[in-house]
Amino acid sequence: MASVWDSKDTVIECLECMMRVDEKWPGVNDEERMEIYSLLRYVKVQLRSVIEARDVPWGAFREAMDLMAHASHNLNLLHLAHYTRRLSHLERELRAATTDEGWDAYLEIDTLKSDEAARRAAPRCARCACTHERCDQFMTSRSS
């Protein structure tokens, strides 16, 4: 019976941590962002122990799964925010070091690479596969 109460206590503790994360989230600075990251990692570790445990009551299991999804979503948002900040910083550095023509050329190259990556990632149509292959060969030879 101790594991039942332990799992409920763990879920309640994680819920309180997630409430703190939700309170801090808007307008955080770098230090607070690191604190949120640590809290989210802690929550995920604690919830994993509840989710993987035996004889956990269905309600505690379900709440742990919901909290895990919420924590994972917040971690993804943190990673995306970090990626976006880093990319913006690098773009500012590049912009400061290049002329307008160089910047325009960089943006054109970046657009072409993004379009090419999206085109290659698109699923192929089974009935038109041969046409797409010829188009791919043409596009690859023209872009290189």
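1. Quick look at the state of the cysteines
If you walk through the whole model with that rule in mind, you get 0 disulfides. No disulfide involves C17; its sulfur sits 6.0 Å from the nearest other cysteine sulfur, which is in C14.

2. Brief notes about the pattern of salt bridges
One pass over the structure, following the stated rule, counts 2 salt bridges. Close ionic contact of K24 with E35 constitutes a salt bridge, the shortest N to O distance being 2.3 Å. Highlighted residues: K24 in helix α1 (residues 2–24) and E35 in helix α2 (residues 30–52), separated in sequence by 11 residues. For K24, a relative accessible area of 26% translates into the label partly exposed. E35 sits in the partly exposed class, given a relative accessible area of 38%.

3. Brief notes about α2
The α-helix advances 3.6 residues per turn, and as a result positions three or four apart in sequence lie on the same side. With 23 residues, α2 should reach 33 Å at 1.5 Å per residue; the first-to-last C-alpha distance of 33 Å fits that figure. Among the residues of α2, R33, I36, L39, L40, V43, K44, L47 and V50 are the ones counted as buried. A distance of 3.1 Å separates the backbone nitrogen of E31 from a side-chain oxygen at the start of α2, and that oxygen is part of N29.

Thresholds, definitions, all that
Residues numbered from 1 in each chain as written. Predicted model: local features only at pLDDT ≥ 70, side-chain atom pairs only at ≥ 80, totals over all residues. Heavy atoms only, no water. Disulfide = S-S within 2.5 Å. Salt bridge = Lys/Arg side-chain N within 4 Å of Asp/Glu carboxyl O. Helix = DSSP H or I, 4+ residues; strand = E, 2+ residues; numbered from the N terminus. Buried < 20%, exposed > 50% of the residue type's maximum accessible area, 1.4 Å probe, protein only. Expected span 1.5 Å × (residues − 1). Polar contact = N/O pair within 3.5 Å; in protein donor to acceptor, adjacent residues only side chain to side chain.

Keep in mind these values describe shape, not function.
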